Amino acid sequence: MSETRVQPLDGGPAARVLVAGASGFAGALAAQLVWRHPRLELVGITSRGDVGTRLDRLYPRYRVPMELTELDLDSREDIDAAIVAYPHGASAPTVAALRGLGALVVDLSADFRLRDLPTYERWYGEHGAPELLEGAVYGLTEIYRDELREAELVATPGCYPTASVLALAPLAEEGLLADVVIDAKQGVSGAGRGGGDEMHYVSMDENAFAYRTEGHRHRPEIEQELEALGGGAPVTFVPHLLPLDQGELASCYVQTSEPIGKEALEALYRERFSGERFVRVLDAPPGLRDVRDSNECHIHVTVEERGRVLAFSAIDNLWKGASGQAVQNLNLMLGLDEGEGIS
């Protein structure tokens, strides 16, 4: 295993970056993306449970030859930006401390995604830094690109909302949503490195099942964003687990407020996403294998014979659904090309 600690930078770095929580799935990938980024210098990776372990031993495929340390912000005046990959609840105090140091922050938890504090408290409990909610920018790049260029704190969307809102955005923007059912399926990495009993191999092998069917905390996030686009509608959201490590497919079934034909629907989507490098509108339903280890979102739309719109969206939940999108947003915050390091 290589002992080199020299990053493959292209000239001077645009920012010195810390990844907090780098021992989890999303944090480890974020560290890898920053490590190989031509303009970002990875100056620290932290962990709460694997201190002293090199990341390339914990995750050999990522090849980041740095040791995980405890987070000590009193000694981290050398950072310009941070990606925080903590669970909800644990993230907010760390984000607040980093903002106190003047660092730009991209948060991967749910702590700053919901704009309404009572809604957050209903689904997640007490908030650790409610004073920062108003200034946080929701990090769905294809929707909030201009705001992200001026942002100091970005809330990276959940993976389910990323796939779902991108699939529905053109309809929401045209006010065409009347009723939405989202049937979403995901690999087990979406539950994090710890997972649970249902993530054990004997439970998941050759198996698939729905969970949190009466209400999932990503539903209010999806509803919030559709409403912000001008297309609020009742949303039924049911997630499922698949026996895969990575990947996510959102199948959205939409009753529209007025009829729309297949040709007009396809034209609407192709025009909306024509300038987006990471969103592809396909002629057939997408597959998960085609987006694995990429920051792309593949979308297909059609109209079934009774007039209901079907919109399918596939992403890699660790990339576009988490760390890839986090780096895409950090690029914008730093004035870099948004595809640097992730294209």
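What you are looking at is a predicted structure, and each value in this text was computed from that prediction instead of being measured. Along each chain, residues carry numbers from 1 onward, in the same order as the chain's sequence is written. Given that the model is predicted, a residue must reach a pLDDT of at least 70 before its local features are reported, and side-chain atom pairs must reach 80 or more before they are shown or counted; all residues, however, enter totals for whole chains, interfaces and linings. Side-chain numbers come from the whole structure's heavy atoms, not from hydrogens or water.

A.B. asks: Would you mind showing me how to read the overall build of the protein chain here?
C.D. replies: We count a stretch as a helix when DSSP gives it H or I for four or more residues in a row; a strand needs E for two or more, and each element gets its number in order from the N terminus. In terms of regular secondary structure, the protein chain is built from ten helices and 13 strands. On C-alpha atoms alone, the protein chain measures out to a radius of gyration of 20 Å, which is about the 20 Å that the 2.2 N^0.38 rule sets for 343 residues. Oriented by its inertia axes, the alpha-carbon framework of the protein chain measures out at about 60 × 45 × 40 Å. Burial classes: relative accessible area under 20% of the type maximum marks a residue as buried, over 50% as exposed, and values in between as partly exposed (1.4 Å probe, protein chains only). The 343 residues of the protein chain split such that 56% are buried. Pairs of residues are marked as contacts when any of their non-hydrogen atoms sit within 4.5 Å. Put simply, 71% of the contacts in the protein chain that link residues at least 6 apart link residues at least 24 apart. By element, 46% of the accessible surface of the protein chain is carried by carbon and sulfur atoms, the whole surface being about 14,400 Å². Residues scored as positive are Lys and Arg, those scored as negative are Asp and Glu, and His as well as the terminal groups of each chain are ignored. One atom stands in for each charge, and that atom is NZ of Lys, CZ of Arg, CG of Asp or CD of Glu. Within the protein chain, the 54 negative side-chain charges are centred at a point lying 4 Å from the centre of the 31 positive side-chain charges. Values of the radius of gyration come from C-alpha atoms, whereas the globule rule sets the reference at 2.2 Å times the count of residues to the power 0.38. Residue exposure ignores everything except the shown protein chains as possible cover, and the areas themselves are Shrake-Rupley values with a 1.4 Å probe.

A.B. asks: Please clarify how the sheet that holds strand β9 (residues 235–241) should be interpreted in this entry.
C.D. replies: Sheet strands line up and pair through hydrogen bonds in the backbone, either parallel or antiparallel. Here we have seven strands laid out as an open sheet, ordered β8-β9-β7-β10-β13-β12-β11, and mixed in their pairing. At either margin of the open sheet sits one strand with a lone partner, and together these are β8 (209–210) and β11 (279–281). For two strands to be treated as a pair, DSSP must find no fewer than two bridges joining them. The pairing of β8 with β9 spans two bridges and is classified as antiparallel. Bridging from a neighbouring strand, Phe-209 pairs with Leu-241 of β9. Docked against the sheet, helix α9 (residues 262–272) engages β11, β12 (297–303) and β13 (309–315), running at close to 160° with respect to β12. The angle between two axes is taken between their N-to-C directions and runs from 0 to 180 degrees, where each axis is a line fitted to C-alpha atoms and a helix contributes only its stretch in contact.

A.B. asks: Please clarify how helix α4 (residues 117–124) should be interpreted in this entry.
C.D. replies: Given 3.6 residues to a turn, an α-helix orients residues that are three or four positions apart in the same direction. Within the span of α4, buried status applies to Tyr-120, Trp-123 and Tyr-124. Each buried residue of α4 lies within a common arc of 80° when the element is viewed along its axis, so the set occupies one face. In α4, the exposed positions angled more than 90 degrees off the buried face are occupied by Pro-118 and Arg-122. Residues of α4 that are buried in the fold lie against α8 (218–228). Of the residues flanking the end of α4, it is Gly-125, one or two places downstream, whose phi is positive at about 100°. Comment: arc refers to directions from the helix axis out to C-beta atoms.

A.B. asks: Quick question: what am I supposed to make of the nonpolar core here?
C.D. replies: Nonpolar side chains tend toward joint burial in soluble globular proteins. Only buried residues count toward a nonpolar core, which is a set of Ala, Val, Leu, Ile, Met, Phe, Trp, Tyr and Cys residues joined through side-chain atoms within 4.5 Å. In terms of nonpolar packing, the biggest core is built from 85 residues, with Ile-182 and Tyr-269 touching the most fellow members. No other element matches helix α6 (residues 159–173), which puts ten residues into this core. Once you skip the residues sitting within four places of it in the chain, Ile-182 turns out to touch Ser-164, Leu-168, Ile-222, Val-235, Thr-236, Phe-237, Val-238, Ala-250, Ser-251 and Cys-252.

A.B. asks: Would you mind going over the sheet that holds strand β1 (residues 15–20) with me for this structure?
C.D. replies: Pairing is parallel in the open sheet, where six strands are placed in the order β2-β1-β3-β4-β6-β5. For this open sheet the edge positions go to β2 (40–46) and β5 (137–138), each flanked by a neighbour on one side alone. In this structure, β1 lies alongside strand β3 (residues 81–84), joined through four bridges in parallel fashion. Residue pairing across strands places Leu-18 opposite Ala-82, the latter belonging to β3. The strands touched by helix α10 (residues 319–333) within the sheet are β1, β2, β3, β4 (104–107) and β6 (153–155), with β4 carrying the most contacts at an inclination of about 160°.

A.B. asks: Can you help me understand empty space enclosed by the protein in this one?
C.D. replies: Picture a little ball the size of a water molecule; that probe, rolled over the atoms, points out where space is still empty. Every definition here rests on a 1 Å grid over the protein atoms only: cavities are sets of points where a 1.4 Å probe fits but cannot get out, pockets are open sets enclosed by protein on both sides within 12 Å along at least five of seven lines, and lining residues have some atom within 4 Å of a point. Grid points are joined across faces, edges and corners, and a volume is the space filled by probe spheres set on the points. Using the criterion set out here, one finds one cavity of 30 Å³ or more in the structure. Of the volumes computed, that of the largest cavity is approximately 30 Å³. Looking at the largest cavity, the residues that line it are Glu-266, Arg-270, Val-281, Leu-282, Asp-283, His-300 and Val-301. Elements represented by at least two residues in the lining of the largest cavity include exactly α9 and β12.

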